[in-house]
Amino acid sequence: MTVNKVFVTGFFLLCSILLPGQSAEGQKVTISFENEPLQDALLRLDGISDHQLSYNPQILPSGVILNQSFQSESPREILDKILGGDYELKSIGNYIIIQKAPPPKKEKAIFQLSGGIKDAATGEELEDVSIYEVNSLRSTLSNERGEFDLQAETDVSAATFVISKKYYQDTIIQVSQLKTLEGPIVLKKERESRSGRSIREHVRTFSTGLSKFFTSDKVRKNAQNVNLVDTRMFQFSFVPSIGTNRKMSSQIKNKFSLNLIAGYSYGVGGAELGGVYNISREEVRGVQVGGFGNTVGGEVHGLQMGGFINTTKDYVKGSQIAGFINVASDSVNGFQMGGFTNLTKEMRGLQIAGFNNHTKKMAGFQLSGFINTTNEMNGFQLTGFINVAKEVRGLQLSVVNWADTIVTGIPFGLLNIVKKGGFISPALESDDVIPYRVSFRSGLDKFYSVLSVGIQPGDYWTYGVGFGSRWFPTNKRTFFINPELRWFNLAESKIKEDENNYMVRFNFNLGYQIFKHLSVTSGPSLNYYFTNDLDERGNPIIDIAGKTITDRSSGRYRHQLWVGYTFSIGF
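Keep in mind that this is a model prediction, so the values were computed, not measured. (Residues numbered from 1 in each chain as written. Predicted model: local features only at pLDDT ≥ 70, side-chain atom pairs only at ≥ 80, totals over all residues. Heavy atoms only, no water.)

Right, let's get into the packing of aromatic side chains. With the rule as written, the count across this model stands at 22 aromatic pairs. Plain terms: the ring middles of F412 and F467 are 4.7 Å apart, the flat faces sit at 20° to each other, and that makes the pair stacked. Residue F412 is found in strand β30 (residues 400-412), and its partner F467 is found in strand β35 (residues 460-468); the two are separated by 55 residues along the sequence. Chaining the aromatic ring pairs together yields one cluster made of Y277, F292, F308, F324, F340, F355, F370 and F385. Residue placement shows K100 over the ring face of Y87; its charged tip is 4.9 Å from the ring centre. (Phe/Tyr/Trp six-rings, centres within 6.5 Å; stacked < 30°, edge-to-face > 60°. Helix = DSSP H or I, 4+ residues; strand = E, 2+ residues; numbered from the N terminus. Lys NZ or Arg CZ within 6 Å of the ring centre and 35° of its normal.)

Shown next, in the form of structure tokens:
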């Protein structure tokens with residue numbers, strides 16, 4: 001793929017992502033309001049929704065009466081319609097926070113929250129609790145005594161602080177000025193949400209050696225504690241926690257992301273470019289390019305390109321391209337190309353590697369420089385040395401093909417090992433040209449390969465390859481018809497340079513299976529011999545032709561055609 005094609009593909013992926021589509025709010029509700037005050041309407045919506053509404057009643061307009069009906073709409077869509085543009089909504093876990101929209105050009109104000117945090121049941125002071133302000137993304141962690149102090153600068157009329165810790169329920173505090181809490185904040189152990197699933201089941205914390213290398217301890221603790229999943233149009237970072245999303249970068253999904261060295265985000269919904277490495281805890285939808293590599297803890301929908309490595313914990317719908325290795329823990333539906341190897345559980349599409357492709361289930365085309373391996377093959381395997389599959393439906397093409405079972409299709413190579421339904425047969429042979437020859441047949445009855453080496457003592461030796469088939473006219477599998485097409489190179493004991501002696505034989509044999517591992521075949525052969533190893537009179541030095549049908553010269557070559565015979569004992 002050329003560079004231009006890569007960028008064109010990326011452009012169309014971005015267009016498909018950024019075009020408006022159906023909202024992904026999850027739950028849909030149906031509700032009607034008749035002469036109902038706004039605050040009563042919000043309470044009733046809160047009661048039937050999987051989301052909990054959080055707001056300061058003082059910011060709501062007074063005297064508002066609702067007369068509206070909503071059919072199969074998300075709680076967020078309903079709130080947008082009944083509140084209008086003077087309010088903005090933020091989703092944090094299963095909370096929807098309602099706050100006044102900031103004025104267009106209001107100067108930022110500084111808000112501060114400080115206090116202590118304890119366990120509601122035991123009174124134990126809680127360490128490493130995440131405290132953050134949802135607009136500025138300023139954050140901190142409580143110390144070993146459960147104490148914290150956080151300042152945030154924001155342009156909203158009241159700052160919203162969220163206190164989060166893994167296995168505890170979130171607490172939300174809105175302040176309009178500098179505030180030191182009189183008593184400690186108490187956190188209750190988390191219960192299942194009203195939908196029956198824990199909030200944190202929706203947030204998969206992804207931690208690997210690479211993410212630990214590129215991220216700080218504080219960033220990883222925030223990732224474990226915090227339910228916030230916010231979306232920002234753009235972010236820039238030098239490394240994780242040093243950037244526009246600060247130490248809350250693991251909780252932010254970005255439309256466009258630029259990481260000078262490395263980045264750590266919740267996800268990507270457009271494009272991400274990293275000088276060295278990009279890490280996304282959840283899904284990537286769009287284009288992700290890392291100078292060294294990319295790691296994604298969820299799905300990839302689009303293009304993932306790394307100079308050395310791409311890893312995806314879930315599935316890929318699109319393309320993975322890496323200079324060395326691609327890993328998709330679940331499946332790939334599209335295209336996977338690695339300079340050295342590709343690994344995935346299931347592949348549907350095209351898989352190309354310089355050395356090795358491996359998948360448990362393949363539907364499409366595997367191409368590698370050395371080896372392809374899979375359990376189930378539906379399609380085409382092509383490699384420079386060996387194909388390995390347990391069950392094949394399609395074509396294997398390589399020097400060596402190994403299969404447990406060929407359901408449909410054939411293996412095409414010099415050596416084809418099929419454990420169930422195939423055959424392997426060494427043989428002793430003799431014919432009118434080569435009186436002593438050993439051959440080795442492997443493959444299926446309908447198509448097999450032949451390797452052979454033989455000698456005419458004192459005159460020449462030969463080696464060859466070929467392909468054949470065995471047809472059994474009856475169910476007894478005693479008599480069989482055995483056509484073969486074979487190619488041989490003949491050489492004198494002293495090898496001469498720039499001299500070619502080639503023979504092509506078509507054998508039409510009849511065979512008899514005496515025992516399971518003993519058979520005899522014999523029949524006529526049509527032989528074509530062409531050589532440039534000639535004496536002064538233009539006759540072949542290695543003279544093997546019998547009574548010729550055709551004997552002519554063309555340039556430096558002599559061409560001969562005649563009928564011969566062959567005889568073989570197979571084991």
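Moving on, we come to the pattern of salt bridges. Going through the model one piece at a time under the given rule, you end up with 23 salt bridges. Of the charged contacts in the structure, one is a salt bridge between R44 and E36, with a shortest N-O distance of 2.8 Å. Overall, R44 belongs to the partly exposed group, its relative accessible area being 35%. Here the salt bridges do not stand alone but share partners, grouping E429, D431, D432, R437, R441, E484, R486 and R505 into one network. (Salt bridge = Lys/Arg side-chain N within 4 Å of Asp/Glu carboxyl O. Buried < 20%, exposed > 50% of the residue type's maximum accessible area, 1.4 Å probe, protein only.)

Here the focus is the nonpolar core. The biggest cluster of nonpolar side chains holds 19 residues, and the ones touching the most others in it are L38, L42, I78, L79, I82 and L83. Where this core is concerned, the elements lending two or more residues are β1 (29-37), α2 (38-48), β3 (65-73), α3 (75-83), β4 (87-92) and β5 (95-100). If sequence neighbours within four positions are ignored, L79 has contacts with L42, L45, L53, G84, L89, I96 and I98. Counting residues in each nonpolar core, the second largest holds 18 residues, with L126, F148, I163 and L181 among its members. (Core = buried A, V, L, I, M, F, W, Y, C linked by side-chain atoms within 4.5 Å. Contact = heavy atoms within 4.5 Å.)

Let's shift gears to the confidence of the model for the protein chain. Averaged over the protein chain, the pLDDT score is 87; the fraction of residues at 70 or greater is 89%. Scored below 50 in pLDDT, residues 1-24 shows 19 contacts in the model against residues more than four places distant or in partner chains. (pLDDT = per-residue confidence, 0-100.)

With that out of the way, let us pick up the pairing of strand β32 (residues 423-431). Residues F423, S425, A427, E429 and D431 line the buried face of β32, whereas the alternating positions I424, P426, L428 and S430 sit on a face that is not buried. Where β32 and strand β33 (residues 436-443) come together, seven bridges link them in antiparallel fashion. Residue pairing across strands places A427 opposite S439, the latter belonging to β33. Where β32 folds back on β33, the antiparallel hairpin that results is connected by four residues. Here β32 runs beside strand β40 (residues 557-570); their pairing, made up of five bridges, is antiparallel. Following the sheet pairing, D431 is matched in β40 by T566. (Pairing = 2+ DSSP bridges.)

It is worth spelling out a positive patch on the surface at this point. Together, K108, R138, R246 and K247 line one region of the surface with positive charge. Here K108 lies in the loop between β5 and β6 (109-119). Its relative accessible area of 55% is what places K108 among the exposed residues. (Patch = residues over 30% accessible without salt bridge, like charges linked within 9 Å, V, L, I, M, F, W, Y side chains within 5 Å. Areas by Shrake-Rupley, 256 points an atom, 1.4 Å probe, with all protein chains shown as cover. Lys, Arg positive; Asp, Glu negative; His and termini not counted. Charge placed at Lys NZ, Arg CZ, Asp CG, Glu CD.)

Turning to α2, a few remarks are in order. Listing the buried residues of α2 in full gives L38, A41, L42 and L45. Taken down its axis, α2 places every buried residue within 100° of arc, on the same side. In α2, the exposed positions that point more than 90 degrees away from the buried face belong to L43 and G47. Residues of α2 that are buried in the fold lie against β1, β2 (52-54), β3 and α3. (Arc of directions from axis to C-beta.)

Right, let's get into the pairing of strand β34 (residues 448-456). As defined by bridge partners, β33 adjoins β34 across eight bridges and the pair is classed as antiparallel. Among the inter-strand pairings, V438 is bridged to a residue of β34, identified as V453. A loop of four residues connects β33 with β34, the two strands running antiparallel in sequence. Pairing analysis gives nine bridges linking β34 to β35, with the strands arranged antiparallel. What sits directly across from I455, in β35, is W461. The hairpin formed by β34 and β35 contains three residues between the paired strands, and G458 there has a positive phi angle of roughly 85°.

Moving on to the sheet that holds β2. If you trace the three strands from one edge of the open sheet to the other, you get β2-β5-β4, paired in mixed fashion. The strands lining the two open edges of the sheet, one partner per strand, are β2 and β4. Strand-to-strand twist across the sheet, computed as the mean angle between neighbouring axes with direction ignored, equals 25°. Running over the sheet, α3 touches β2, β4 and β5 and is turned about 165° from β4. (Axes fitted to C-alpha atoms, helices over the stretch in contact; angles between N-to-C directions.)

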